[in-house]
Amino acid sequence: MTNTLFGFAKITPKTEYYDDAQGAILAIVTETRAEPGCIQFTVLADADQGHIFLFEEWQNEDALTEHHGKPYTKAVMDNYANWLAEPLRFETMAKII
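Here the structure is a predicted model, which is why all the values come from computation and not from measurement.

Peer 1: Give me the sheet that holds strand β3 (residues 52-58): which residues, what numbers.
Peer 2: Read across the open sheet, the 4 strands follow the order β2-β3-β1-β4; overall the sheet is antiparallel. Edge positions in the open sheet fall to β2 (38-45) and β4 (89-94), since each of these has one partner strand only. Strand after strand, the sheet turns through a mean of 15 degrees between neighbouring axes, direction not considered. Here strand β1 (residues 5-11) runs beside β4; their pairing, made up of 6 bridges, is antiparallel. Residue Phe6 lies in a different strand from β4, and its bridge partner there is Met93.

Peer 1: Account for the environment of Ala81, naming residues and giving values.
Peer 2: Examined against the element boundaries, Ala81 turns out to sit in helix α4 (residues 71-83). Sequence separation between Ala81 and Phe55 is 26 residues; the distance between their C-alpha atoms is 21 Å.

Peer 1: Please give an account of the pattern of salt bridges that cites residues and values.
Peer 2: In total, this model carries 2 salt bridges according to the counting rule given. Residue Glu66 is joined to Lys70 by a salt bridge in which the shortest nitrogen-to-oxygen separation is 3.6 Å. A residue is classified by how much of its surface remains accessible, and Lys70, at 23% relative accessible area, is partly exposed. A salt bridge links Glu91 to Arg89; its shortest N-O distance comes to 3.2 Å. A relative accessible area of 36% means that Glu91 is categorised as partly exposed.

Peer 1: How would you explain the packing of helix α3 (residues 61-69) against α4 if you had to name every residue and give the values?
Peer 2: Where α3 meets α4, the closest approach of the two axes is 5 Å, and the angle between their N-to-C directions is 65 degrees. In this structure, α3 contributes His67, His68 and Gly69 to the contact, and α4 contributes Pro71, Thr73 and Lys74. In terms of residue class, the contact of α3 with α4 is built from 1 nonpolar, 4 polar and 1 charged.

Peer 1: So what about α4? Which residues, and what values?
Peer 2: The terminal C-alpha atoms of α4 lie 18 Å apart, and with 13 residues this matches the ideal 18 Å at 1.5 Å per residue to within 8%. Those residues of α4 not exposed but buried are Tyr72, Thr73, Val76, Tyr80 and Trp83. All buried residues of α4 lie within an arc of 100 degrees about the axis, which places them on one face of the element. For α4, the exposed residues lying more than 90 degrees away from the buried face are Pro71, Asp78, Ala81 and Asn82. Elements that come into contact with the buried residues of α4 comprise β1, α1 (18-27), α2 (29-34) and α3.

Criteria and thresholds
- Per chain, residue numbering runs from 1 following the sequence as it is written.
- This being a predicted model, a pLDDT of at least 70 is required before a residue's local features are given, and a value of 80 or more before pairs of side-chain atoms are given or counted; all residues contribute to the totals for chains, interfaces and linings.
- Calculation of side-chain values draws on the structure's entire complement of heavy atoms; hydrogens and water are dropped beforehand.
- Strands were regarded as paired on the criterion that DSSP finds at least two bridges between them.
- Elements are defined by DSSP. Helices are runs of H or I of four residues or more, strands are runs of E of two residues or more, and each kind is numbered from the N terminus.
- Axes here mean lines fitted to C-alpha atoms, for a helix over just the part in contact, with angles spanning 0 to 180 degrees between N-to-C directions.
- Every case where a carboxyl oxygen of Asp or Glu lies within 4 Å of a side-chain nitrogen of Lys or Arg is listed as a salt bridge.
- Working definition: with a 1.4 Å probe on protein chains only, accessible area under 20% of the residue-type maximum means buried, over 50% means exposed, and in between means partly exposed.
- We call two residues in contact when some of their heavy atoms are within 4.5 Å.
- Throughout, the ten residues Ala, Val, Leu, Ile, Met, Phe, Trp, Tyr, Cys and Pro are labelled nonpolar, Asp, Glu, Lys and Arg are labelled charged, and all others, Gly among them, are labelled polar.
- The span one expects for a helix is its residue count, reduced by one, times 1.5 Å.
- Note: the arc covers the axis-to-C-beta directions of the helix.

Note that every value here comes from positions in space, so none of it alone points to a role or purpose.
Shown next as structure tokens:
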């Protein structure tokens with residue numbers, strides 16, 4: 001069993017803020033991927049562009065916690081307070097096999 005931590009986020013922006021919400025995430029991809037504990041940070045969207053998804057893999061929970069404390073991550077979350085149609089859903093998972 002691996003000790004890496006996986007995260008999956010579902011982001012549901014209000015229609016008028018979809019492009020802003022997507023742009024905010026895309027703007028932090030390079031910095032996030034350069035973080036020491038980041039193994040994977042992938043941005044996905046569903047076919048009708050109603051949702052944005054993040055698939056993340058981190059070396060451990062401390063690395064993820066540190067990511068959430070970064071100023072650029074906090075800035076995105078601050079904007080999401082006004083841009084989202086429903087609360088951000090973020091689940092963490094451990095790999096079984």
